[in-house]
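# Geometric and topological summary
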Amino acid sequence: MRVSVFGLGYVGCVTAARLAEAGHKVVGVDLNDQKVAMINSGVSPIVEPGLEELLGRVKAAGHLRATSSCEEAVAASDVALICVGTPSQANGRMSAEALARVCRGIGNVLGATRKPYTVVVRSTVMPGTTAEVVMPALRAGIGNGERPDVKVAVNPEFMREGTALRDFQSPPFTLVGCEDKATSWQLRELYEKVDAQFVQTSVRTAEMLKYASNAFHALKVCFANEIGDLCEATRVDAREVMRVFCLDHKLNLSDAYLKPGFAFGGSCLPKDIRALNQVARAADVDTPVLSTLLPANVARIRAAAATVLATHKRRVGVVGLAFK
Ligand SMILES: NC(=O)c1ccc[n+]([C@@H]2O[C@H](COP(=O)([O-])OP(=O)(O)OC[C@H]3O[C@@H](n4cnc5c(N)ncnc54)[C@H](O)[C@@H]3O)[C@@H](O)[C@H]2O)c1
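Here's what I pulled together on the structure shown here. All values reported here derive from a predicted model rather than from experimental measurement. (Residues numbered from 1 in each chain as written. Predicted model: local features only at pLDDT ≥ 70, side-chain atom pairs only at ≥ 80, totals over all residues. Heavy atoms only, no water.)

### Some thoughts on the packing of helix H1 (residues 10-21) against helix H3 (residues 51-60)
Rules: Fitted lines through C-alpha atoms serve as axes, helices being fitted only where they are in contact, and the angles separating the N-to-C directions of these axes extend from 0 to 180 degrees. Strands here mean DSSP runs of E at least two residues long; helices mean DSSP runs of H or I at least four residues long; both are numbered from the N terminus. Convention used here: angles under 35 degrees read as roughly parallel, angles over 145 as roughly antiparallel, angles from 65 to 115 as roughly perpendicular, and any remaining angle as oblique. Helix crossings fall into two classes, left-handed where the near helix is turned counterclockwise from the far one by less than a right angle and right-handed where it is turned clockwise. Any two residues having at least one pair of non-hydrogen atoms within 4.5 Å are treated as being in contact.
Contact geometry of H1 with H3 gives a least axis separation of 9 Å together with a crossing angle of 45 degrees. With respect to each other, H1 and H3 are oriented oblique. Classified by chirality, the crossing of H3 by H1 is left-handed. Listed contacts from H3 to Cys13, Val14, Ala17, Arg18, Ala20 and Glu21 of H1 are Leu51, Leu54, Leu55, Arg57 and Val58.

Below is the structure:
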């Protein structure tokens, strides 16, 4: 397949190199001339184990080249993977500035041709970005007229810096958010050599999944650190606790307790979390994550009650009151 990769940063370089290795004809695009020159010399613009060697190989095989010209890249490809940065603005809001600029540029080129094209957002973007930024920018670039032959998809990346090449080849899943079967099949073919189950969702689901995953990973780190601090305060070996904790794939590392819905309750969870937080307070251990669990749960109950009260119905049925 002929592929262009916009943004030769961490995600773009690894994506371009691995796809070129899989036999695709890849053109990398970046505004930064130095990065373009480095890729064209087979030198890696980022520090990542094994990447420079791979770039040298795929470059020598004629499977990868780089350019700063959007026209050249679109002309030489049928699919564009957009891997530009989506950094935080001062208030935390995700910036889609680079994404919009790239899409407008691609649209401009497509407006002057009749070629079918697929634009794939690989950057991490908030739900609604494809509909509210990517598609309008493409349309603005294309100019007048409907272009049903220009397709859009979201394909978040799950690599980690330091193990990016391995992660690319064996991710948790290949996630594609798109609204039509043909685009889904096109991306299935693109990632044919990747060892992962292929999951197709709606565009908005795919956009949100990356944030949900990252939030959960951050939560895991903070949780493990707080348990570690509490272990230290109670003279318990934290590593041993977490090693055994991770042996439980029924309740701990599983899909248990991960279905959005109502609050937790029962006789154990509230009581034990209360006790754990009391020990933390007594030992002067700061546990911002663990200490927020009960207030978060109470807020959930209040929100549910408010939803019921807002209906102004006088007769209310309760389903699933008993938990055992
Ligand atoms: N770094 C990671 O490990 C990682 C992992 C998964 C997802 N992501 C997400 O992937 C996206 C890219 O992350 P990154 O770390 O590779 O970013 P990065 O900052 O390393 O690279 C972005 C590249 O895009 C280029 N660029 C900006 N505007 C451009 C334009 N108009 N045309 C062409 N190139 C342009 C920049 O020059 C830069 O080289 C982000 O949304 C990020 O959140 C990153």
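Okay, back to it.
### Some remarks on the site of the ligand
Rules: In these notes, residues near a molecule or strand are those with any non-hydrogen atom within 4 Å of it. Here a polar contact means two N or O atoms within 3.5 Å. Within protein one must be a hydrogen donor candidate and the other an acceptor candidate, and residues neighboring in sequence count only if both atoms are side-chain atoms. In this count, Pro and Cys sit with the nonpolar residues alongside Ala, Val, Leu, Ile, Met, Phe, Trp and Tyr, while Asp, Glu, Lys and Arg are called charged and the others, Gly among them, polar.
Taken together, 21 residues sit near the ligand, with Val11, Asp30, Lys35, Thr86 and Glu161 positioned nearest. The separation between an oxygen atom of the ligand and a polar main-chain atom of tyrosine 10 is 2.9 Å. For the ligand, a nitrogen atom lies 2.9 Å from a polar atom in the side chain of glutamate 161. At the level of elements, H1 and helix H5 (97-111) are the ones that each hand at least two residues to the shell around the ligand. The residue makeup of the shell around the ligand, split by class, is 10 nonpolar, 6 polar and 5 charged.

### A closer look at the layout of surface pockets
Where empty space is left can be seen by rolling a probe of water-molecule size over the atoms. Heads up, the rule is: Any residue with an atom within 4 Å of a point lines the site, the site being either a cavity, points on a 1 Å grid over the protein atoms alone where a 1.4 Å probe fits but cannot get out, or a pocket, an open set with protein on both sides within 12 Å along at least 5 of 7 lines. Grid points are joined across faces, edges and corners, and a volume is the space filled by probe spheres set on the points.
Estimates place the volume of the second largest pocket at around 590 Å³. Lining the second largest pocket we find 25 residues, and of these Glu157, Phe158, Met159, Lys210 and Asn214 sit closest to its centre. Put simply, the parts of the chain that give the lining of the second largest pocket at least two residues each are H1 and helix H9 (203-233). It is H9 that provides the largest number of residues to the lining of the second largest pocket, a total of 7 residues. When its residues are assigned to classes, the lining of the second largest pocket shows 11 nonpolar, 9 polar and 5 charged.

### Details of empty space enclosed by the protein
Evaluation of the coordinates by the stated rule reveals 2 cavities of 30 Å³ or more. In terms of residue class, the lining of the largest cavity is made up of 8 nonpolar, 2 polar and 2 charged. Within this model, the second largest cavity holds a volume of roughly 40 Å³. Of all the elements in the fold, those that place two or more residues in the lining of the second largest cavity are H1 and helix H7 (164-169). Here the lining of the second largest cavity is composed, by residue class, of 6 nonpolar, 1 polar and 2 charged.

### Side note on the environment of glutamine 169
Tracing the backbone through its elements, the reader meets glutamine 169 in helix H7. Here the alpha-carbon distance between glutamine 169 and aspartate 195, two residues 26 residues apart in the chain, equals 6.1 Å. When residues no more than four places from it in sequence are discounted, the contact partners of glutamine 169 are Arg18, Lys193, Val194 and Asp195.

### Comments concerning the pattern of salt bridges
Which entries qualify depends on this criterion: Every case where a carboxyl oxygen of Asp or Glu lies within 4 Å of a side-chain nitrogen of Lys or Arg is listed as a salt bridge. Buried means the residue's accessible area, taken with a 1.4 Å probe over protein chains only, is under 20% of the maximum for its type, while exposed means over 50%, and partly exposed covers the values in between.
As enumerated under the stated definition, the model contains 11 salt bridges in all. Of the charged contacts in the structure, one is a salt bridge between arginine 18 and glutamate 21, with a shortest N-O distance of 2.7 Å. Of the two residues, arginine 18 and glutamate 21 are both situated in helix H1; the distance of 3 residues between them amounts to about one turn of the helix. Judged by relative accessible area, which is 15%, arginine 18 ranks as buried. The partner of glutamate 157 in a salt bridge is arginine 122, and the shortest N-O contact between them spans 2.1 Å. One end of the pair, glutamate 157, is in the loop between strand S6 (150-154) and H7; the other, arginine 122, is in the loop between strand S5 (117-121) and helix H6 (129-142), with 35 residues separating them in the sequence. Taking the relative accessible area as the measure of exposure, glutamate 157 reaches 7% and is therefore buried. Taking relative accessible area as the criterion, arginine 122 reaches 4% and is therefore assigned buried. A single salt-bridge network, built from bridges that share partners, covers Arg18, Glu21, Glu53 and Arg57.

### Here we look at H6
The following threshold applies: Here, expected helix span is obtained from the residue count minus one, scaled by 1.5 Å.
Between its first and last C-alpha, H6 extends 18 Å over 14 residues, near the 20 Å set by a 1.5 Å rise per residue. Buried residues of H6: Thr129, Thr130, Val134, Ala137, Leu138, Gly141 and Ile142, and no others. Elements in contact with the buried residues of H6: H5, S5, S6 and H9. Just past H6, the residue glycine 143 takes up positive phi, approximately 90 degrees.

Geometric descriptors of this kind do not, in isolation, establish any biological role.
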